[in-house]
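Chain residues, written in single-letter form:
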Protein chains: 2
Amino acid sequence: MKTVSNHKSSAAASKNKKKFVYFFGNGKAEGNAKMKALLGGKGANLAEMMSIGIPVPPGFTITTDSCAEYYETGKKWPVGLEAQIKENIKKLENALGAKFGDRDNPLLVSVRSGAAVSMPGMMDTVLNLGLNPEVVQGLIIKTENERFAMDSYRRFIQMFGNVVMGVNHDEFEHVLETKKKQVGAKADTDLSAKDLKDVVAKYKEVVKKATGEEFPTDPYEQLKKAINAVFASWKNPRALKYLELNDIRGLLGTAVSVQAMVFGNMGDTSGTGVCFTRNPSTGENKFYGEFLVNAQGEDVVAGIRTPLPLDGMAKTWPVLYKQLVAIREKLEKHYRDMQDIEFTIQENKLYILQTRNGKRTAAAAVRIAVELVKEGKLTRDQAIMRVDPKHLDQLLHPTFDPKQKKQAIAKGLPASPGAASGKVVFNAEHAEDMAKKGESVILVRIETSPEDIGGMHAAKGILTARGGMTSHAAVVARGMGKCCVAGVGTIHIDYAAKKFTVGSTVVKEGDWISLDGGLGEVYLGQLETIRSTLSGDFGTLMKWADAARTLKVRTNADTPNDAEVARGFGAEGIGLCRTEHMFFEGDRIIAVREMILSDDKDGRVKALAKLLPMQRGDFEGIFEAMKGLPVTVRLLDPPLHEFLPHEEANQKEMAQVMNIPLQKVQEKVQALHEFNPMLGHRGCRLGISYPEIYDMQTRAIIEAACNVKKKGIKVYPEIMIPLVGMKKELDILKNEMIEIINKVFREKGMKVDYLIGTMIEIPRAALTADKIAESAQFFSFGTNDLTQMALGFSRDDAGSFLGAYVQRGIFDKDPFQSLDQEGVGYLIQLGIEKGRNTKPDLKVGICGEHGGDPASVEFCHRVGMNYVSCSPYRVPIARLAAAQAVVRSKKK
Amino acid sequence: MKTVSNHKSSAAASKNKKKFVYFFGNGKAEGNAKMKALLGGKGANLAEMMSIGIPVPPGFTITTDSCAEYYETGKKWPVGLEAQIKENIKKLENALGAKFGDRDNPLLVSVRSGAAVSMPGMMDTVLNLGLNPEVVQGLIIKTENERFAMDSYRRFIQMFGNVVMGVNHDEFEHVLETKKKQVGAKADTDLSAKDLKDVVAKYKEVVKKATGEEFPTDPYEQLKKAINAVFASWKNPRALKYLELNDIRGLLGTAVSVQAMVFGNMGDTSGTGVCFTRNPSTGENKFYGEFLVNAQGEDVVAGIRTPLPLDGMAKTWPVLYKQLVAIREKLEKHYRDMQDIEFTIQENKLYILQTRNGKRTAAAAVRIAVELVKEGKLTRDQAIMRVDPKHLDQLLHPTFDPKQKKQAIAKGLPASPGAASGKVVFNAEHAEDMAKKGESVILVRIETSPEDIGGMHAAKGILTARGGMTSHAAVVARGMGKCCVAGVGTIHIDYAAKKFTVGSTVVKEGDWISLDGGLGEVYLGQLETIRSTLSGDFGTLMKWADAARTLKVRTNADTPNDAEVARGFGAEGIGLCRTEHMFFEGDRIIAVREMILSDDKDGRVKALAKLLPMQRGDFEGIFEAMKGLPVTVRLLDPPLHEFLPHEEANQKEMAQVMNIPLQKVQEKVQALHEFNPMLGHRGCRLGISYPEIYDMQTRAIIEAACNVKKKGIKVYPEIMIPLVGMKKELDILKNEMIEIINKVFREKGMKVDYLIGTMIEIPRAALTADKIAESAQFFSFGTNDLTQMALGFSRDDAGSFLGAYVQRGIFDKDPFQSLDQEGVGYLIQLGIEKGRNTKPDLKVGICGEHGGDPASVEFCHRVGMNYVSCSPYRVPIARLAAAQAVVRSKKK
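Residues numbered from 1 in each chain as written. Chains lettered and ligands numbered in written order. Predicted model: local features only at pLDDT ≥ 70, side-chain atom pairs only at ≥ 80, totals over all residues. Heavy atoms only, no water.

A. Spatial organisation of the interface of chain B and chain A. Contacts between the two partners involve 46 residues from chain B and, on the opposite side, 46 residues from chain A. Between chain B and chain A, a total of about 4,300 Å² is buried, with carbon and sulfur atoms accounting for 58% of that surface. If you sort the residues of chain B by the area they bury against chain A, L679, R764 and R808 of chain B come out on top, with a joint share of 14%. R764 of chain B is the partner of D820 of chain A in a salt bridge, and the nearest nitrogen-oxygen pair spans 2.6 Å. For the side of chain B that touches chain A, the secondary-structure elements that each account for two or more residues are α26 (684-689), α28 (727-748), α29 (763-767), α31 (783-791), α32 (799-807) and α33 (824-838) of chain B. A breakdown of the residues in the side of chain B that touches chain A according to their chemical character gives 22 nonpolar, eleven polar and 13 charged. (Contact = heavy atoms within 4.5 Å. Buried area = accessible area lost by both parts, 1.4 Å probe. Salt bridge = Lys/Arg side-chain N within 4 Å of Asp/Glu carboxyl O. Helix = DSSP H or I, 4+ residues; strand = E, 2+ residues; numbered from the N terminus. Nonpolar A, V, L, I, M, F, W, Y, C, P; charged D, E, K, R; others polar.)

B. Spotlight on the packing of helix α23 (residues 601-626) of chain A against helix α27 (residues 691-710) of chain A. Residue and element names in this part refer to chain A. Running from N to C, α23 and α27 point in directions that differ by 35 degrees, and their axes come no closer than 7 Å. Viewed along their axes, α23 and α27 form a crossing whose handedness is right-handed. Residue-level contacts link K601, R604, V605, L608, L611, L612, Q615, R616, F619, E620, F623 and E624 of α23 to E692, I693, M696, Q697, R699, A700, I701, E703, A704, A705, N707 and V708 of α27. When its residues are assigned to classes, the contact of α23 with α27 shows 13 nonpolar, three polar and eight charged. (Axes fitted to C-alpha atoms, helices over the stretch in contact; angles between N-to-C directions. Left-handed = near helix turned anticlockwise from the far one by under 90°.)

C. Up close: the sheet that holds strand β1 (residues 21-25) of chain A. All names here are of chain A. Strand order in the open sheet formed by six strands is β2-β1-β3-β8-β6-β7, and the pairing between neighbours is antiparallel. The open sheet is flanked by β2 (28-29) and β7 (125-129), the only strands paired with a single partner. Bridge analysis of strand β6 (residues 109-114) against strand β8 (residues 255-260) gives six bridges, and the strand direction is antiparallel. Bridge pairing in β8 places V109 opposite A260. (Pairing = 2+ DSSP bridges.)

D. Spatial organisation of the pairing of strand β18 (residues 441-445) of chain A. Residues and elements named next belong to chain A. Of all five residues in β18, five are buried; the element is thus mostly enclosed. In this view, the connection linking strand β17 (residues 419-425) to its parallel neighbour β18 by way of helix α17 (residues 428-436) has right-handed handedness. Here β18 runs beside strand β19 (residues 461-464); their pairing, made up of four bridges, is parallel. Note that in β19 the partner of V444 across the bridge is L463. (Buried < 20%, exposed > 50% of the residue type's maximum accessible area, 1.4 Å probe, protein only. Right-handed = clockwise from strand over helix to strand, strands pointing away.)

E. Main features of the side chain of D820 of chain B. You can see D820 of chain B is positioned in the loop between α32 and α33. Its relative accessible area of 7% is what places D820 of chain B among the buried residues. Not counting residues within four places of it along the chain, the set of residues in contact with D820 of chain B comprises R764 of chain A together with L791, P815 and G825 of chain B.

F. Just the packing of aromatic side chains, in detail. All names here are of chain B. Overall, the coordinates contain 44 aromatic pairs over all chains when judged by the stated rule. Ring centres 5.3 Å apart and planes at 90 degrees place the aromatic pair F100 and Y220 in the edge-to-face group. Note that F100 is positioned in strand β4 (residues 99-100) and Y220 in helix α9 (residues 219-233), a separation of 120 residues in sequence. Of the residues examined, F100 reaches a relative accessible area of 9% and is grouped as buried. For the ring pair F793 and Y805, a centre distance of 6.0 Å and an interplane angle of 80 degrees mean the geometry is edge-to-face. Highlighted residues: F793 in the loop between α31 and α32 and Y805 in helix α32, separated in sequence by twelve residues. (Phe/Tyr/Trp six-rings, centres within 6.5 Å; stacked < 30°, edge-to-face > 60°.)

G. Molecular detail of the relation of the copies chain B and chain A. With an axial shift of 0.1 Å and an RMSD of 0.2 Å, the rotation relating chain B to chain A amounts to 179 degrees. Given the turn and translation reported, the copies of this chain are related as if by a two-fold rotation axis. Mapped onto chain A, 100% of the interface residues of chain B are again interface residues, and the two copies thus contact each other with one and the same surface. (Least-squares fit on C-alpha atoms with pLDDT ≥ 70 in both.)

H. Quick peek at the pattern of salt bridges. According to the stated counting rule, one finds 122 salt bridges over all chains in the structure shown. For E774 of chain A, the salt bridge goes to K727 of chain A, with nearest N and O atoms at 3.8 Å. Pair noted here: E774 of chain A is in the loop between α30 (769-772) and β32 (778-781) and K727 of chain A is in helix α28 (residues 727-748), with a separation of 47 residues, a long-range link. Under the relative-accessibility criterion, E774 of chain A is labelled partly exposed at 48%. A relative accessible area of 25% places K727 of chain A in the partly exposed class. For E858 of chain B, the salt bridge goes to R888 of chain B, with nearest N and O atoms at 2.3 Å. Taken as a pair, E858 of chain B in helix α34 (residues 854-862) and R888 of chain B in helix α35 (residues 875-891) lie far apart in primary sequence, 30 residues in all. Several salt bridges converge on common partners, so that one network encompasses D151, R154, R155, E177, K180 and D188 of chain A.

I. Here's a closer look at the sheet that holds strand β23 (residues 505-508) of chain B. Residue and element names in this part refer to chain B. Strands sit in the order β21-β22-β23 across an open sheet of three strands; the sheet is antiparallel. A strand with exactly one partner marks an edge of an open sheet, and here the two such strands are β21 (491-494) and β23. Geometrically, the sheet is characterised by an average inter-axis angle of 20 degrees between neighbouring strands, direction not taken into account. Sheet analysis places strand β22 (residues 499-502) next to β23, joined by four bridges and oriented antiparallel. Bridge assignment links T501 to a residue of β23, and that residue is V506.

J. Spotlight on unusual backbone geometry. Residues and elements named next belong to chain B. The phi angle at K627 is positive, at roughly 45 degrees, despite the residue not being glycine. On the secondary structure map, K627 appears in the loop between α23 (601-626) and β29 (630-634). Judged by its relative accessible area of 57%, K627 falls in the exposed class. Phi at L723 is positive, roughly 60 degrees, even though this residue is not glycine. Inspection of the secondary structure assignment puts L723 in the loop between β30 (716-721) and α28.

K. Region of interest: the packing of helix α21 (residues 560-568) of chain A against α23 of chain A. All names here are of chain A. Relative to each other, α21 and α23 sit at 15 degrees, their axes nearing to 8 Å. Viewed along their axes, α21 and α23 adopt a mutual orientation that is roughly parallel. In terms of crossing hand, the pair formed by α21 and α23 is right-handed. Each of P560, A563, E564 and R567 in α21 lies in contact with α23, whose residues at this interface are G621, I622, A625 and M626. Taken together, the residues that form the contact of α21 with α23 break down as five nonpolar, one polar and two charged. (Parallel < 35°, antiparallel > 145°, perpendicular 65-115°, else oblique.)

L. Summary view of the confidence of the model for chain A. Residue and element names in this part refer to chain A. Per-residue confidence for chain A gives a mean pLDDT of 91; residues scoring 70 or more make up 97%. A low-confidence stretch, residues 1-15 stays under pLDDT 50, and its non-local contacts, those more than four residues away or across chains, total one contact. Scored as a complex, the prediction yields pTM 0.81 and ipTM 0.80. (pLDDT = per-residue confidence, 0-100.)

M. Region of interest: the environment of G468 of chain B. Residue and element names in this part refer to chain B. Secondary-structure assignment places G468 in the loop between β19 (461-464) and α19 (472-480). A C-alpha to C-alpha distance of 37 Å links G468 and K99, two positions 369 residues apart in sequence. Apart from the residues within four sequence positions on either side, G468 is in contact with E290, L413, A474 and A486.

N. Looking closely at the environment of M35 of chain B. All names here are of chain B. Counting through the fold element by element, M35 comes out in the loop between β2 (28-29) and α2 (36-51). Look at M35 and you get partly exposed, because its relative accessible area is 21%. C-alpha separation for the pair M35 and E48, spaced 13 residues apart in sequence, amounts to 9.5 Å. Excluding anything up to four places from it in sequence, M35 contacts Y22, E30, G40 and A44.

Structural data, given as structure tokens:
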């Protein structure tokens with residue numbers, strides 16, 4: 001009933017005028033937690049908290065709609081917005097008995113951004129708004145705290161000057177530092193009211209000089225400009241980059257929350273802090289956070305002063321701490337997820353300024369999800385949805401081999417777990433450049449800021465000298481699943497000299513260091529890493545995922561070792577065993593080259609005979625490792641020239657080894673040269689031209705299968721023919737293969753079960769899948785090539801324009817990483833539909849890179865594939881993604 | 001009613017036993033002309049002629065079915081065939097009162113091949129079958145003509161020995177020539193009965209020596225072996241090659257007609273001939289043919305003796321000639337098409353042995369079709385179907401420029417019209433080899449035989465020293481639309497010395513000669529040719545075609561000259577004007593290279609500004625030439641590296657011209673190198689990366705359009721964006737273009753109508769055509785690239801395997817020449833359907849090579865395209881093909 005009446009009243013409202021502003025105060029709110037799209041995460045949660053009795057300062061939220069309209073209409077406020085803001089300011093004044101711009105009882109407000117999705121630190125905020133020379137006098141009189149009033153005033157000018165008026169942050173910092181030096185103050189808090197008055201005066205000069213304008217004194221003008229600045233910050237480069245990196249699309253804009261200020265900077269009875277209801281790094285169910293006495297919120301987040309652990313608050317303010325713990329429990333129970341909470345204490349009174357689902361490491365996400373189920377707060381299905389499959393990567397990624405000797409040169413905060421080695425870089429852009437060249441880098445900064453986000457993303461790990469567990473570096477690194485050691489106070493960084501020192505050790509740019517983000521330790525040099533396994537909570541979650549999913553997960557593996565690793569990660573078979581990799585090993589390449597250089601079939605057959613026992617051995621190893629799970633072997637795929645050297649020096653070497661003239665090698669290379677090798681003589685086209693190659697491979701597979709079966713091990717080979725475009729190709733090759741297979745069966749006096757199927761990687765194959773299914777026992781979509789051909793993009797060449805394509809929004813994502821569902825996906829759907837029209841029970845899988853991409857895995861589930869196949873380390877990702885696909889489809 | 005009862009009785013027959021043999025005799029026949037698939041063309045027409053009262057010797061036809069079963073069951077006769085043959089031999093004996101193998105009144109038969117489609121000379125025939133030492137004595141007694149009997153016997157042994165027993169033809173010829181020399185005989189007819197008896201004896205020795213077997217004497221054994229030989233000839237290399245060259249597929253096999261022999265070799269009251277009811281070379285409605293006195297049919301066709309023109313028969317045998325003329329009229333009226341008739345005169349009695357629709361040149365086909373309409377024998381629709389569009393090529397192809405001086409060195413028969421120059425080659429295989437290398441060759445032979453068919457196809461023209469207008473060379477050349485001068489008696493060919501002489505002139509292999517097949521003249525050297533125009537009957541037929549068709553035909557033209565030629569051939573617009581060709585001309589390439597070498601946009605814009613007036617001029621010329629017809633201009637498509645030299649010498653030259661270091665050129669070439677340029681940075685991807693290129697081109701097009709419109713000429717530019725895969729690409733480029741266009745309109749103070757559309761040449765574009773159609777005003781399918789990508793074949797590289805693919809039947813035809821309707825066609829259908837779902841009136845065309853291929857044009861009609869676009873000389877082909885598509889769809 002409530003929903004209906006809500007709906008009615010909002011419909012009625014929209015008839016009259018559009019609602020741009022939602023009020024919260026006096027324990028009531030016009031919004032709620034479900035309205036994130038309209039009110040932003042922050043605004044929606046403030047409304048929600050207000051409704052459930054959390055002590056939240058009153059305020060109102062301007063909708064994301066308003067921001068969208070602002071951009072649509074050429075940066076003008078939608079009609080009605082200004083009036084609604086004024087109306088709500090009135091409400092706020094009434095709620096607090098204070099008045100905006102009043103010199104006797106002034107109302108000060110914060111103006112904060114907040115999109116539907118949390119983008120910490122990416123957009124702008126202005127605090128202490130409403131101050132001017134007269135109001136600050138009123139504040140002094142009202143609070144009897146001149147120092148506080150002047151501190152708030154200088155903070156306001158600094159923030160507004162920077163955010164709204166575009167004055168460089170450093171210019172303000174310079175004034176502040178100069179004053180501190182002048183009076184011998186160590187921290188900002190050591191400055192007196194008089195010092196701060198000087199600072200305020202200087203600040204105003206800085207603004208005037210930088211902008212040619214006076215600092216505005218009319219509070220409404222301040223408010224209007226601050227709201228515009230928040231709107232503008234929606235499209236600043238940092239925010240855009242964040243959206244891109246996190247694949248966030250389709251948001252309307254940012255909401256703007258205007259809220260009565262509460263002050264943590266009113267002296268030693270005041271403070272501010274950030275806390276997590278559980279440990280965001282490990283997931284441990286332990287209250288966790290940091291606070292600062294006599295400070296405003298930005299001091300904690302920006303890492304300017306290193307804050308104290310939350311435990312300390314129990315001693316400093318035991319009553320308030322107890323109250324905070326109660327709120328922790330209330331909020332977690334309410335939201336059924338780990339919360340990231342900002343609070344402020346003003347003269348011994350606790351206020352909550354924000355709550356949101358906390359960012360966490362993958363390990364923490366897994367542990368929290370599993371424990372919430374055990375605590376009865378979540379269902380298993382819900383738990384499955386709580387972990388981003390992409391982040392599992394972190395858990396599978398290396399840790400340092402405990403057997404090697406290592407001596408930490410420094411220790412800081414274990415801000416984001418993981419192990420990483422790389423070359424030291426002190427600048428974010430430089431880090432990006434080096435990473436592009438394929439170098440491993442560790443970004444080392446005194447502290448990080450939102451501008452560094454690109455470099456942080458590019459780096460293997462992040463090391464900072466300042467800042468706590470909730471500093472920018474720590475939060476962002478955890479979000480990225482990037483190893484981070486923060487606040488290593490013992491290192492001294494010299495940006496100019498491009499080095500850092502720790503004790504007597506000097507580390508220069510380009511030197512290798514290693515970080516252990518779980519221990520918070522820093523090592524010299526490049527350390528050996530080992531892989532982790534699935535166990536504990538991770539294992540539990542994966543078990544739940546396996547129970548939920550219907551899509552099988554196989555792996556792409558070419559060696560017994562890969563096969564074993566993948567089985568350990570839960571692979572249910574091999575979906576792609578590439579035989580060409582085997583052709584390069586050791587002496588084999590010589591036989592392969594002999595085959596290629598042969599002028600006739602006899603010569604090729606002779607050379608291939610040398611390869612037979614080696615290939616057979618490979619397959620025996622793989623079959624044994626897979627212990628009865630199905631193994632899909634793809635016959636030779638790449639063009640033959642890939643097996644010949646293209647550099648003259650190597651050609652000479654080859655000629656010498658094979659005892660043939662150099663000219664012969666060069667002639668063959670020339671003869672095999674192709675303009676577009678991707679579309680050339682490869683795949684089953686080789687099988688048609690040189691049947692003896694596939695003959696040998698077929699024989700090797702089936703002989704190996706027989707040999708392994710003889711040992712009592714089950715074996716299910718599935719032979720896969722690549723690059724089929726026409727049914728007849730498949731027919732010709734299949735018939736030849738069946739002949740060989742039956743011959744081997746006769747020779748061995750035994751049989752094994754096998755399948756012969758085909759890759760669907762040429763658009764024509766998908767388009768004529770009904771025909772091809774007549775001859776194929778299974779389909780495996782090779783989405784790498786299918787993407788290349790369907791899109792007309794060569795993966796090797798697309799680099800020159802693909803970046804621009806993603807940036808200009810032509811693609812949402814790199815189509816080689818995440819399946820182009822609209823185009824390539826359509827082709828796949830068509831192929832499956834047509835294939836199953838012919839053979840209703842046709843087994844269908846995918847074996848391109850996309851098999852390990854969660855969005856693509858969900859697609860594969862949706863279109864009814866039987867399995868995906870991906871690299872061993874992505875198997876758990878695919879398992880979880882497949883389970884999420886089921887849960888998501890249940891919701892619909 | 002008749003059909004129904006026929007159906008019933010044949011169904012009943014099939015219940016009891018399958019009918020393999022169809023009798024004809026005594027004015028009645030079990031078959032008819034519609035049963036070509038079952039009885040072959042020859043058998044069906046013999047039955048038909050028998051029924052309508054033409055004097056046909058009686059006989060029976062073994063079905064093509066029998067041949068198919070013969071192959072299916074491992075070369076065994078189907079059960080029942082032998083019994084049915086024996087039964088029919090009995091019938092034949094009864095009809096004639098003679099007996100097979102009888103020494104008193106022997107029945108002799110011919111055994112002839114005949115598939116559903118006429119394949120002249122490709123399969124085998126045995127005449128005079130039934131002779132043995134005893135029977136020949138009976139024949140002598142019966143005919144009182146020993147010479148005739150022995151001539152028939154030696155012909156039988158020669159033909160059976162060669163066709164059935166595989167003895168080399170030359171060995172028999174050697175015996176015959178030796179005998180002729182020995183007795184001083186000029187022609188075969190000069191040999192006496194005794195001479196021929198000797199020849200028969202020697203022939204038997206030749207057979208014994210070559211095969212180790214005696215020549216068979218049992219007539220039934222002879223018959224059985226001859227039938228098997230005809231079955232076998234269905235798969236001989238000549239026949240297979242003929243089927244391949246003529247794109248004939250799906251035939252069951254050959255039928256075998258066994259017919260009572262009539263003898264043209266019974267002396268001067270006997271003879272044999274071949275005639276056409278109209279001139280097969282020009283189409284003139286004049287009875288036309290050749291005959292030989294005292295000869296059997298193969299003497300005429302094989303060109304062994306040069307026969308006399310048919311006119312002469314009016315004098316030699318006036319009564320018979322009159323009878324033949326009456327038959328000519330009867331048959332043409334009956335079949336409503338020009339007939340190719342074989343006849344034999346036995347002792348002043350006329351027999352017709354075969355009739356079929358005559359092969360003809362394209363010019364003759366056109367004239368005959370048009371005149372048959374005028375004579376009221378055909379409808380216009382039927383006339384349209386009578387000309388193979390592919391053959392129109394001949395009519396549009398060059399003739400020698402009449403202005404140049406030329407002196408014929410020899411004159412022969414104008415066997416097949418056209419003009420051709422090429423290097424002299426004396427051997428068919430060699431001609432094929434040279435043609436493969438791209439050389440123009442003229443095949444020069446004393447006479448041609450079916451073995452030469454590959455070389456004839458490869459040659460530009462054919463010259464023979466012997467043989468008439470119906471000789472093998474003449475018939476085949478006309479069928480191929482190949483220029484041929486036959487029977488040039490004055491030239492002396494020396495195969496061994498690889499030269500021919502004519503008077504004192506010696507022409508060696510590799511020397512250039514020219515042939516005029518319309519005049520029958522031979523010239524030295526390479527002559528200039530000119531193009532022909534559409535007029536006369538051709539014009540009339542094309543008018544009918546235009547009235548019938550609904551599909552528009554445009555042309556691919558890049559220059560005003562091409563545009564004018566195409567308008568002359570009836571093009572209704574330009575469907576593809578490639579702008580990149582314009583970039584290569586003269587100084588432009590320097591500006592283009594300047595643009596490519598620029599490091600920034602400013603440099604590119606500067607270089608492009610130089611190109612603008614030139615491009616504008618190009619478009620003005622083309623718009624003026626097209627006089628108000630629509631012109632589709634494709635913006636720049638190829639990758640930029642195509643405009644840079646790849647050879648070091650050329651790079652040096654370029655560096656010098658542009659006054660820059662060689663290294664800079666080489667670095668750029670290196671930077672632009674791509675692994676798969678087909679799938680690389682080209683098409684609209686260039687437009688996205690370097691908007692200034694398309695800006696310049698758009699401006700040039702619109703400025704040109706305005707300038708031409710100012711002159712009072714109508715102009716309809718259609719701007720086409722290549723290589724679009726995603727709607728957003730099109731959106732971005734289109735918006736930029738519209739901005740430029742409106743700017744030009746403002747500058748010029750005027751507007752022109754224009755469209756902006758896209759190529760559909762990337763599979764993804766077809767798959768998402770519903771989306772793309774939202775932004776495109778027209779679609780043009782670029783089937784060259786679409787084929788490459790849908791099939792994963794690089795046209796430049798597929799040569800290494802495509803031949804084998806066509807040969808092994810994986811493709812019916814080269815998919816780059818004739819659209820792969822199943823695969824690529826499906827994509828096109830999908831694209832049109834989806835595009836028109838969004839925009840029901842979306843204009844859709846095709847601009848790949850396929851636009852001039854008749855089968856592909858029919859496909860385009862069927863799927864509802866608005867137009868095809870092809871090269872200027874293929875415009876008439878497309879017009880006719882489009883008309884045929886309509887007529888064919890009416891039939892269904």
